[in-house]
Amino acid sequence: MPKELWKGNEAIAEAAVRAGLEAYFGYPITPQTEILEYLSRRLPELGRAFVQAESELGAINMVYGAACAGVRVMSSSSSPGVSLMMEGLSYIAGTEIPAVLVNVMRGGPGLGNIAPAQADYNQAVRGGGHGDYPRIVLAPASVQEAIDLMALSFDLAEKYRMITMMILDGSVGQMMEPAEMPAMQEVHRKNFEWATNGAMNRERRILSSIYLNPLDEEQTNLRLLRRWQEVQNNEVRYKEYFLDDAEIIVIGFGTAGRVALSAVREARALGIKVGLFRPITVSPFPFEALSQLTGQARAFLVTEMNMGQMLDDVLLAVRGRVPVEFYGRPGGVVPFHDEILDEIQRIHTAPIASPLGTTVHTNPRESWLTRMTQRA
Amino acid sequence: MTTPNLVYERPEAFTEMPTHYCPGCTHGVAHRLVAEVLEEMKIIDRTIGVAPVGCAVFAYNYFDTDFVEAPHGRAPAMATGIKRVLPDRVVFTYQGDGDLASIGMGEIVHAAARGENITVIFINNANFGMTGGQMAPTTLPGMKTTSSPNGRDVETQGYPIKVSEMLSTLEGVGYCVRRSLHDPKNIRLAKKAIRTAFETQVRGLGFSMVELLSTCPTNWGITPVNSLKFVEEHMVPAYPLGDYKISDAIKQIKI
Amino acid sequence: MQKEIIIAGFGGQGVLFGGQVLAYAAMDTGKDVTWIPSYGPEMRGGTANCTVVIADHEIGSPLVKNPPLAIALNLPSFDKYEETLAPGGTLIVNQSMVDRPAKRSDIHAIFVPCNEIAEEIGDKKLMNMVAMGALLSALPEVTLKDVEKALEGHLPARHKHLLPKNYEALKRGFESAQKEWDKVPA
């Protein structure tokens, strides 16, 4: 299929339709509203379900209901709306059914603003809802990647009976890029052995997240964890750029990752041996791949559009073997590549590892804050 | 196995599980009426129930149909999700007054406004039963609960919400009535209303709800018999029984 | 090769569409391209801008701090992007909407009376296409022909009758800019 110029939000909507999306429930919120608007036209014309819910609470619980029925269903929202959905996500996780949620993130906390941000990383990756549950989180950096990950989201959600969230910042949602749409998949209901779709001469089924006996709930938690181990073993995805001989490794996801790519290219042109590692699955996080890179790296630079959330995962992967530096622009600010280039040059020219190989450990978030304060 | 002398048996739509409801509570009566209707309409195997959070949280244990268990107040949203992707199935929620009229007010109003083709069984017993008898939006003025120990003071705690009256103003509602479970005559009328509500759904005639005035002897702190009297003497005057909305198409239904 | 272009003006001046046409032209000639609008409160009634990045490799940042190329369709945009333009860069200025010369001497400010040219063609809404034509005089990677084809290929059917005038606007803008370039000392 030839490439077309697609706006991120609309591309996500169409990619979901082509992946067999049967039902969408959502509520308007900038900067993701185009997903809702697109599907309000597209789904009814295909005879599929679309409801503009009364709130994000309503929307996620409609998703919950349709997911119990065993169909491909999704919602989308932006940060404040996703906070409202956390109750439903926890229930969906506890019920062990597949559902897909797209969060086109904006600046926060609170009402914040509508500019692109990555401040919901922890909410997405660490949980957000109550209880102990894993979830898959995908972080596209381009329109094409968002399209490709949309279909994957449904496949993963169904394979592991788990929530798959796609987190992207507002700029990917609003951006247009040439992209290729996959062919239309036919809707076929998979007749899951757990779906509550009307007994019709079989044993009746119950779907719930209630386990009053703590021992049963404990077993459920352990079952979720075992399934998560499978996800960790099979589903880690990331992209590497210029890593072969890289001594400084920049790590960024989504837009922060692609902005870093521009900085890395320019630094390379200046003769600096720098590469980029861009996680695509931020949950499961590519701990092992990053851990291996500590063998070749002199320093890591984590760059995010927040105050350093993925930073903690990188620190877990690195476990003190290599100094980690951080550069972030929180609050809805998209960094320019020049800023990241400056950071790369700073690390390049002022070695932060001592000659004896004992690394000097500064708190990367604190030293970043100091630099930000000095700059202001 | 039916015998000529049989006057009472477990409805086919019930499982063998004994209910956990308190002695004298009318949840059991309401459950049975729903079960009888599902059986009579021969829709057990295509019905999906949505349980609430509240005393009826375990409703899924008692009905022999597919069932899901909703977050507190969200049953109408879940039912919407199910019904929209399975329009040929019968979907009902069973909700108490804390679930439906307090935390879930948004969901119920909008499901009704959209005319979702679902059936809602609404149990109004004027308090939060499961958590031990706190004030609900339906608690009567002056009524003592564990969170209105001096009696509901309307000056600071507001007035009861009359859900049937309120929902009946919405165009999307096809059938909206209030019945009571305090005596056999009213129970028979309640069953007929529940039947009509499900008939409304299978005919695609819009949102249907039956509000049932119910007892809560344990939390009210009175005997089952006095609870029934309380319903008759105090709740019925505050929540008048009647047909709040029956669309013309539904009036034609003959049962 | 990578070129970044910012197109800025008032909402309603066709800023976003102008950028999209450029993006289509770049895409149709096999290049990677990003188009990103400013979105937010300033969308309403204030200035609108979009950034287009054209490259022959995977594009990193879709935004740029110091663009080598920009179009300023009004005075606020002129003020803003004259400041941030990269040294040696080219700023296409809609002369019809500004009342001052350029302050910087290390950039090329190419003044084109976009409104007047559009009105001469008979449709003042074509002002953005006049500016796009002028931009192409500083963007050899995309030709007039490429943009014409992009318009033909992507303009909604109901607007197809407007194609000849769009082509004329592009050409007039290009020629007008060309004349300005001729004045620049070698």
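It should be emphasised that the depicted structure is a prediction, and the values quoted were computed from it without experimental measurement. (Residues numbered from 1 in each chain as written. Chains lettered and ligands numbered in written order. Predicted model: local features only at pLDDT ≥ 70, side-chain atom pairs only at ≥ 80, totals over all residues.)

### Brief notes about the overall build of chain B
Okay, so step 1: What chain B contains, in helices and strands, is eleven helices and seven strands.
Okay, so step 2: Over its C-alpha trace chain B gives a radius of gyration of 17 Å, about what one expects of a compact globule, namely 18 Å for 255 residues.
Okay, so step 3: Dimensions of chain B along its principal axes, counting C-alpha atoms only, are 50 × 45 × 30 Å.
Okay, so step 4: Taking all 255 residues of chain B together, the buried fraction comes to 56%. (Helix = DSSP H or I, 4+ residues; strand = E, 2+ residues; numbered from the N terminus. Rg over C-alpha atoms; globule rule 2.2 N^0.38 Å. Buried ≥ 20, exposed ≤ 12 C-beta atoms within 10 Å, placed from the backbone.)

### Remarks on the overall build of chain A
Okay, so step 1: What chain A contains, in helices and strands, is 13 helices and 15 strands.
Okay, so step 2: For a compact globule of 376 residues, the expected C-alpha radius of gyration is about 21 Å, and chain A comes in at 21 Å, within 12% of that figure.
Okay, so step 3: Structurally, chain A occupies a C-alpha span of about 75 × 50 × 40 Å along its principal axes.
Okay, so step 4: Across the 376 residues of chain A, 57% fall into the buried class.

### Let's talk about the nonpolar core
The nonpolar side chains of a soluble globular protein tend to be buried with one another.
Okay, so step 1: Of all hydrophobic cores here, the largest spans 265 residues; its most connected members are Val63 and Val250 of chain A, Ile121 of chain B together with Val130 and Ala131 of chain C.
Okay, so step 2: With ten residues, helix α6 (residues 143–160) of chain A is the largest single contributor of residues to this core.
Okay, so step 3: Of the residues that make up this core, three or more belong to each of domain 1 (4–234) and domain 2 (239–375) of chain A.
Okay, so step 4: Those residues in contact with valine 63 of chain A, other than ones at most four positions away along the chain, are Phe25, Val73, Met74, Ser75, Gly88 and Ala99 of chain A together with Gly81 of chain B. (Core = buried A, V, L, I, M, F, W, Y, C linked by C-beta atoms within 7 Å. Domains from an automatic or database assignment. Contact = placed C-beta atoms within 7 Å.)

### Structural notes on the interface of chain A and chain B
Okay, so step 1: Contacts between chain A and chain B engage 35 residues on the former and 27 residues on the latter.
Okay, so step 2: If you list the elements that add at least two residues to the side of chain A that touches chain B, you get β2 (23–26), β3 (49–52), α3 (56–68), α4 (79–95) and β9 (206–207) of chain A.
Okay, so step 3: Top contributing element to the side of chain A that touches chain B by residue count: α3 of chain A, with nine residues.
Okay, so step 4: Residue classes in the side of chain A that touches chain B are distributed as 19 nonpolar, eleven polar and five charged.
Okay, so step 5: Pairing geometry for β9 of chain A and strand β2 (residues 66–69) of chain B, over two bridges, is parallel. Within the sheet, the bridge partner assigned to leucine 207 of chain A lies in β2 of chain B and is valine 68 of chain B. (Nonpolar A, V, L, I, M, F, W, Y, C, P; charged D, E, K, R; others polar. Pairing = 2+ DSSP bridges.)

### Side note on helix α8 (residues 184–202) of chain B
Okay, so step 1: Taking 1.5 Å as the rise per residue, α8 of chain B with 19 residues should run 27 Å; its terminal C-alpha atoms sit 27 Å apart, in good agreement.
Okay, so step 2: Once α8 of chain B finishes, glycine 204 of chain B follows within two positions and takes phi at roughly 70°, a positive value. (Expected span 1.5 Å × (residues − 1).)

### Observations concerning the packing of helix α3 (residues 114–121) of chain C against helix α6 (residues 163–183) of chain C
All names here are of chain C.
Okay, so step 1: In the contact formed by α3 and α6, the axes pass within 10 Å of each other and the chain directions differ by 140°. By the angle class used here, α3 and α6 are oblique. In the packing of α3 onto α6, the handedness of the crossing is right-handed. Contacts between α3 and α6 involve Cys114, Ile117, Ala118 and Ile121 on the former and, on the latter, Lys165, Glu168, Ala169, Arg172, Gly173 and Ser176.
Okay, so step 2: Here the residues of the contact of α3 with α6 are counted per class, giving five nonpolar, two polar and three charged. (Axes fitted to C-alpha atoms, helices over the stretch in contact; angles between N-to-C directions. Parallel < 35°, antiparallel > 145°, perpendicular 65-115°, else oblique. Left-handed = near helix turned anticlockwise from the far one by under 90°.)

### Details of the interface of chain C and chain A
Okay, so step 1: Listed by partner, the interface residues are 17 residues for chain C and 20 residues for chain A.
Okay, so step 2: Within the residue set of the side of chain C that touches chain A, elements represented by two or more residues are α1 (15–28) and β2 (32–37) of chain C.
Okay, so step 3: The greatest single-element share of the side of chain C that touches chain A, amounting to five residues, is contributed by β2 of chain C.
Okay, so step 4: Of the residues in the side of chain C that touches chain A, the class split is eleven nonpolar, five polar and one charged.

### A short note on the sheet that holds strand β15 (residues 324–328) of chain A
Residue and element names in this part refer to chain A.
Okay, so step 1: Here five strands make up an open sheet; going across it, the order is β10-β12-β11-β14-β15 and the pairing mixed. Unpaired on one side and paired on the other, β10 (238–241) and β15 mark the two borders of the sheet. Strand-to-strand, the axes of this sheet are offset by a mean angle of 20°, without reference to chain direction.

### Quick notes on helix α1 (residues 8–18) of chain A
Okay, so step 1: For α1 of chain A, a buried count of nine out of eleven residues is recorded, marking the element as mostly surrounded by other parts of the structure.
Okay, so step 2: Within α1 of chain A, burial applies to Gly8, Asn9, Ala11, Ile12, Ala13, Glu14, Ala15, Ala16 and Val17 of chain A.

### A word on unusual backbone geometry
All names here are of chain A.
Okay, so step 1: With omega at 5°, the peptide bond leading from glycine 108 into proline 109 counts as cis.
Okay, so step 2: As for its placement among the helices and strands, proline 109 is situated in the loop between β5 (99–105) and α5 (121–126).
Okay, so step 3: The step from serine 283 to proline 284 runs through a cis peptide bond, and the omega angle for that step is 5°.
Okay, so step 4: One non-glycine residue, asparagine 201, lies in the positive phi region at around 70°.

### As for the sheet that holds β3 of chain A
Residues and elements named next belong to chain A.
Okay, so step 1: Strand order in the open sheet formed by seven strands is β3-β2-β4-β5-β7-β6-β13, with mixed pairing between adjacent strands. At either end of the open sheet lies a strand with only one pairing partner, and these are β3 and β13 (281–283). Strand-to-strand, the axes of this sheet are offset by a mean angle of 20°, without reference to chain direction.
Okay, so step 2: Sheet topology places strand β6 (residues 136–138) next to β13; two bridges connect them, and they run antiparallel. What sits directly across from valine 137, in β13, is serine 283.
Okay, so step 3: Sheet strands in contact with helix α2 (residues 33–45) are β2, β3, β4 (73–77) and β5, and its direction is about 140° off that of β3.

### Quick look at the pairing of β2 of chain B
All names here are of chain B.
Okay, so step 1: A two-sided burial pattern is seen for β2, the buried positions comprising Asp66 and Val68 on one face and Phe67 and Glu69 on the other.
Okay, so step 2: Note: strand β1 (residues 47–51) against β2, four bridges, orientation parallel. From the neighbouring strand, isoleucine 48 faces β2, where its bridge partner is aspartate 66.

### Here we look at the environment of methionine 74 of chain A
All names here are of chain A.
Okay, so step 1: Tracing the backbone through its elements, the reader meets methionine 74 in strand β4.
Okay, so step 2: Overall, the presence of 29 C-beta atoms within 10 Å leaves methionine 74 in the buried class.
Okay, so step 3: Apart from the residues within four sequence positions on either side, methionine 74 is in contact with Ala16, Leu21, Tyr24, Val63, Val100, Leu101 and Val102.

### A few points about the confidence of the model for chain A
Okay, so step 1: Taken as a whole, chain A shows an average pLDDT of 95; of its residues, 97% reach a score of 70 or greater.
Okay, so step 2: Note that pLDDT drops below 50 for residues 354–358 of chain A; the model gives that stretch one contact with residues more than four away or on any other chain. (pLDDT = per-residue confidence, 0-100.)

### What to know about the domain arrangement of chain A
All names here are of chain A.
Okay, so step 1: In terms of domain boundaries, chain A breaks down into domain 1 (4–234) and domain 2 (239–375).
Okay, so step 2: Computed from C-alpha atoms alone, the centre-to-centre distance between domain 1 and domain 2 is 30 Å.
Okay, so step 3: Sorting the residues of the side of domain 1 that touches domain 2 by element identifies α5, β6, β7 (163–169), α7 (170–174) and α8 (214–234) as the ones contributing at least two each.
Okay, so step 4: Broken down by class, the residue content of the side of domain 1 that touches domain 2 amounts to 15 nonpolar, eight polar and three charged.

### Comments concerning the pairing of strand β6 (residues 207–213) of chain B
All names here are of chain B.
Okay, so step 1: Here β6 lies mainly inside the structure; seven of its seven residues are buried.
Okay, so step 2: Residues Phe207, Met209, Glu211 and Leu213 of β6 are buried on one face, and the alternating residues Ser208, Val210 and Leu212, pointing to the opposite face, are buried as well.
Okay, so step 3: When strand β4 (residues 119–124) meets β6, the two strands line up parallel, connected through six bridges. Residue pairing across strands places valine 120 opposite methionine 209, the latter belonging to β6.
Okay, so step 4: Judged from the seven bridges that link them, strand β5 (residues 173–180) and β6 form a sheet pairing that is parallel. The residue of β6 that forms the bridge with valine 177 is valine 210.
Okay, so step 5: For the crossover from β5 across α8 to β6, the handedness is right-handed. (Right-handed = clockwise from strand over helix to strand, strands pointing away.)

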